[in-house]
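Listed here are the chains, written in short residue letters.
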Amino acid sequence: MTPSGVKATLSFSDGSPSMDLPIYKGSIGPDVIDIRKLYGQTGKFTYDPGFLSTASCQSTITYIDGDKGELLYRGYPIEQLATQCDFLDTCYLLLYGELPNAQQQQDFHKLVSEHTMVHEQMQFFLRGFRRDAHPMAVMTGLVGALSAFYHDSTDINDPRHREIAAIRLIAKMPTLVAMAYKYGEGQPYVYPRNKLSYAGNFMRMMFATPCEDYEPNEVLVRAMDRIFILHADHEQNASTSTVRLCGSSGTNPFAAIAAGVACLWGPAHGGANEAALNMLEDIQRNGGVEKIGEFIKQVKDKNSSVKLMGFGHRVYKNYDPRAKLMRETCHEVLGALGLENDPLFKLAMSLEKIALEDEYFVARKLYPNVDFYSGIVQRAIGIPVSLFTAIFALARTVGWIAQLNEMIGDPEYKIGRPRQLFVGSQRRDVPPLDKR
Ligand code: CMC
């Protein structure tokens with residue numbers, strides 16, 4: 001870490017000695033105050049629930065400038081990656097730090113495509129689930145279960161094991177998501193076809209049946225690939241921090257990624273795309289565009305728990321750059337499918353317009369996030385709403401792995417162990433039963 005040349009001095013109003021804290025500079029973004037010696041020297045912890053002011057690690061992978069609305073993977077702007085690279089190039093970049101040259105690209109595509117099949121026994125494991133299980137419940141189970149099928153890549157401290165686990169996870173996630181979908185539909189699983197692109201292969205496993213093959217539509221395949229790129233990593237968000245914390249105990253990579261899948265499921269995180277679409281459908285059912293005003297009123301009412309799903313972000317206090325790209329894709333996909341007049345899309349556009357002009361949203365810097373549009377795109381492609389978050393998990397897997405591997409390779413890495421401000425009962429004795 002690079003010292004900033006400036007130090008912070010912490011002083012106390014009760015006369016306790018003050019303490020100098022080193023400050024380190026990042027290559028871009030805010031500096032950090034190093035508080036690691038704080039407890040040792042003062043007996044005090046810092047208090048930051050929700051990590052509003054805490055950098056939990058140093059990282060070279062993803063940078064977000066929330067005020068500017070900028071997202072960089074390894075320094076490259078998301079806009080350039082989304083328009084000039086495909087998802088597997090992005091995976092290579094996130095994992096190894098540089099974009100692949102032509103030979104590396106070819107080798108990496110081959111490597112991933114040769115590991116797309118899952119152990120045949122996985123389908124019997126899948127059969128244990130109810131057919132109506134939520135795909136994220138199924139995915140949490142399936143990803144965790146990979147550690148039972150691939151023993152030769154479970155040692156997180158062995159770089160070769162980590163490398164093999166990374167390729168397996170990236171290659172097999174589309175197969176698992178498609179299997180979870182087919183199982184729910186009661187259709188036979190479709191095996192991967194490795195000569196197709198990563199996104200094309202996934203869509204074929206989703207939509208082909210033994211009676212009818214799927215003819216990939218270039219616009220839709222490109223849209224799916226873009227969804228994957230835009231969701232590939234997002235620095236230390238809740239699920240990534242979960243993966244890091246889980247992996248910090250030395251557990252195997254499959255278990256750590258399964259923890260990430262579980263965290264992503266929540267509606268404040270990856271579950272927002274499903275929640276956003278359900279919200280739009282709800283408004284549509286209850287009167288459509290006419291009812292937007294009433295809905296916005298509810299959202300602004302502090303006594304209601306209604307939120308405008310797909311709006312707001314902890315870090316972006318400007319338009320989410322991913323949302324801009326997804327909005328563009330949304331127009332392209334609806335145009336290609338002749339759905340420009342789709343009522344749900346029109347409703348989303350009106351809702352966005354009204355919210356962007358409303359003082360409540362303006363004052364709080366609440367802009368649409370990527371999930372506001374990704375749901376509409378996925379629905380147009382034919383993906384059922386309940387599968388949206390599983391697709392997010394598929395895409396985010398590479399980010400989780402890159403972050404996990406970065407942590408394990410960091411000489412400063414330690415098991416994550418936050419402390420607390422204890423406000424419960426002081427020591428007391430157990431009273432006899434008749435005195436309680
Ligand atoms: N609708 C209405 N009000 C909102 C919303 C929203 N979507 N988001 C934030 N606010 C209000 C919130 O009530 C608070 O108001 P006040 O200051 O009057 O109390 C203010 O804005 C600040 O919000 P916050 O809850 O302190 O912000 P946060 O950083 O803790 O939460 C968030 C961020 C993403 C959880 C939240 O904006 C949210 O729940 N959004 C809807 C869910 C969503 O779309 N999530 C996807 C995030 S992007 C994909 C991903 O990375 O997973």
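Keep in mind it's a predicted model, so treat the numbers as computed, not measured.

A.B. asks: What am I meant to see in the packing of aromatic side chains here?
C.D. replies: Where two aromatic rings form a pair, the distance of their centres and the angle of their planes describe that pair. Taken as a whole and assessed by the stated rule, the structure comprises 16 aromatic pairs. Ring geometry for Y92 versus F108: centroids 5.4 Å apart, planes at 85 degrees, classification edge-to-face. Note that Y92 is positioned in helix α3 (residues 87-96) and F108 in helix α4 (residues 102-113), a separation of 16 residues in sequence. Of the two residues examined, Y92 and F108, each falls in the buried class. Centre to centre, the rings of F311 and F372 are 5.3 Å apart; their planes meet at 90 degrees, and the pair counts as edge-to-face. Note that F311 is positioned in the loop between α13 (292-300) and α14 (321-336) and F372 in helix α17 (residues 370-381), a separation of 61 residues in sequence. Residue F311 is classed as buried on the basis of its relative accessible area of 11%.

A.B. asks: Help me understand empty space enclosed by the protein, please; the structure alone is not making it clear to me.
C.D. replies: Empty space among the atoms becomes apparent when a probe as large as a water molecule is rolled across them. Summed over the entire model, instances satisfying the criterion amount to one cavity of 30 Å³ or more. Of the pockets and cavities examined, the largest cavity occupies roughly 100 Å³. Lining the largest cavity, in full, are M117, V118, H119, E120, Q123, T175, M179, Y189, V190, Y191 and P192. In the lining of the largest cavity, the residues fall into seven nonpolar, three polar and one charged.

A.B. asks: Mind showing me how you'd approach the nonpolar core here?
C.D. replies: The nonpolar side chains of a soluble globular protein tend to be buried with one another. With 124 residues, the main nonpolar core has M139, F202, F228, L308 and L351 as its most contacted residues. Ignoring anything within four residues of it in the chain, the contact list for M139 reads M173, L176, V177, A180, V261 and A390. Within the second largest apolar cluster, five residues are counted, among which are A8, M19, L21 and L38.

A.B. asks: What exactly am I supposed to notice about the domain arrangement of the protein chain here?
C.D. replies: Think of interface size as the accessible area that goes away when the parts come together; that is how it is often given. With domains assigned, the protein chain is organised as domain 1 (2-55) and domain 2 (78-414). Distance between the C-alpha centres of domain 1 and domain 2: 36 Å.

A.B. asks: How do you make sense of the sheet that holds strand β4 (residues 62-65) when you look at a structure like this?
C.D. replies: To summarise the sheet geometry, strands pair through backbone hydrogen bonds and adopt either a parallel or an antiparallel arrangement. The three strands are arranged β4-β5-β6 in an open sheet whose pairing can be described as antiparallel. Each end of this open sheet is capped by a strand with a single partner; those strands are β4 and β6 (76-77). Pairing between β4 and strand β5 (residues 70-73): four bridges, direction antiparallel. Across the sheet, residue T62 finds its bridge partner in β5, namely Y73.

A.B. asks: Is there a simple way to think about a nonpolar patch on the surface in this case?
C.D. replies: Side chains of Y47, L421 and V423 sit close together on the surface and give an oily, nonpolar patch of about 410 Å² of accessible area. The exposure class of V423 is exposed, given its relative accessible area of 73%.

A.B. asks: Honestly, unusual backbone geometry in this entry has me stumped. Any pointers?
C.D. replies: What is expected of a backbone is that most residues other than glycine have negative phi and most peptide bonds are trans. Within the chain, R74 stands out as a residue other than glycine whose phi angle is a positive 50 degrees. Structurally, the position occupied by R74 is in the loop between β5 and β6. Although it is not a glycine, K365 sits at a positive phi angle of roughly 55 degrees. The topology assignment puts K365 in the loop between α16 (359-363) and α17.

A.B. asks: Looking at this structure, how should I read the layout of surface pockets?
C.D. replies: Its volume calculated, the second largest pocket comes out at about 210 Å³. Along the walls of the second largest pocket sit 15 residues, with S197, A199, G200, E218 and V221 positioned nearest its centre. Mapped onto the lining of the second largest pocket, the elements with two or more residues apiece are α3, α8 (198-207) and α9 (218-230). The element best represented in the lining of the second largest pocket is α9, accounting for four residues.

A.B. asks: It is not clear to me how the site of the ligand should be interpreted in this structure. Could you clarify?
C.D. replies: The ligand sits among 21 residues. The nearest are H269, L308, G310, R314 and R364. Interatomic distance of 3.0 Å between a side-chain N/O atom of K302 and an oxygen atom of the ligand. R314 is positioned with one of its side-chain polar atoms (N or O) 2.7 Å from an oxygen atom of the ligand. Alone, the ligand offers 940 Å² of accessible surface; in the complex the protein occludes 74% of this. Taken together, the residues that form the shell around the ligand break down as 10 nonpolar, six polar and five charged.

A.B. asks: Please explain the UniProt feature "active site" (unreviewed entry) in the protein chain as it appears in this structure.
C.D. replies: Per the UniProt entry, the sites bearing "active site" (unreviewed entry) are H313 and D371 in this numbering. What stands out for the annotated residues spanning 59 residues is how close their C-alpha atoms remain, the widest pair being 10.7 Å apart. Reaching out from H313, the side chain makes a polar contact with the backbone nitrogen of Y316 at a distance of 3.3 Å. For D371, the position within the fold is in helix α17. With sequence-adjacent residues up to four places away left out, D371 is seen in contact with H231, H269, A272, N273, A276 and F392.

Criteria and cut-off values
- Here the residue numbering is sequential within each chain, running from 1 through the sequence in written order.
- Restriction of local features to residues with pLDDT of at least 70 applies here, the model being predicted, together with a cutoff of 80 or more for giving and counting side-chain atom pairs; totals for whole chains, interfaces and linings are based on all residues.
- Here the side-chain values reflect all heavy atoms present in the structure, with hydrogen atoms and water set aside.
- Side-chain rings of Phe, Tyr and Trp (the six-membered ring for Trp) are treated as a pair once their centres are within 6.5 Å; stacked means planes under 30 degrees apart, edge-to-face means over 60, and tilted covers the remaining angles.
- Here a strand is any run of E in DSSP of at least two residues, a helix any run of H or I of at least four, and the numbering for each starts at the N terminus.
- Burial classes: relative accessible area under 20% of the type maximum marks a residue as buried, over 50% as exposed, and values in between as partly exposed (1.4 Å probe, protein chains only).
- Buriedness for pockets is judged along seven lines, at least five of which must meet protein on both sides within 12 Å for an open set on the 1 Å grid over protein atoms alone, while cavities are sets there where a 1.4 Å probe fits but cannot get out, and lining residues have an atom within 4 Å of a point.
- Grid points are joined across faces, edges and corners, and a volume is the space filled by probe spheres set on the points.
- Each residue gets one of three labels, nonpolar for Ala, Val, Leu, Ile, Met, Phe, Trp, Tyr, Cys and Pro, charged for Asp, Glu, Lys and Arg, and polar for the others, Gly among them.
- Throughout this description, the term nonpolar core refers to a set of buried Ala, Val, Leu, Ile, Met, Phe, Trp, Tyr and Cys residues connected via side-chain atoms within 4.5 Å.
- The contact rule is simple, with two residues in contact once any of their heavy atoms fall within 4.5 Å.
- Throughout, the edges of the domains are those of an automatic or database domain assignment.
- Strand pairing follows a simple DSSP-based rule, namely that at least 2 bridges must link the two strands.
- Patch construction takes residues with relative accessible area above 30% that form no salt bridge. Like charges are linked within 9 Å, and nonpolar side chains (Val, Leu, Ile, Met, Phe, Trp, Tyr) are linked within 5 Å.
- Calculation of accessible area relied on Shrake-Rupley with a 1.4 Å probe; when residues are assessed, cover is drawn exclusively from the protein chains displayed.
- Throughout this description, the term salt bridge denotes a Lys or Arg side-chain nitrogen within 4 Å of a carboxyl oxygen of Asp or Glu.
- Any residue with a heavy atom positioned within 4 Å of a molecule or strand is treated as near that molecule or strand.
- By the criterion applied in these results, polar contacts are pairs of N or O atoms within 3.5 Å in which, for protein atoms, one can donate a hydrogen and the other can accept it, and in which residues neighboring in sequence qualify only through two side-chain atoms.
- UniProt positions are given in the numbering used here, feature names are shortened, and annotations may be inferred rather than shown by experiment.

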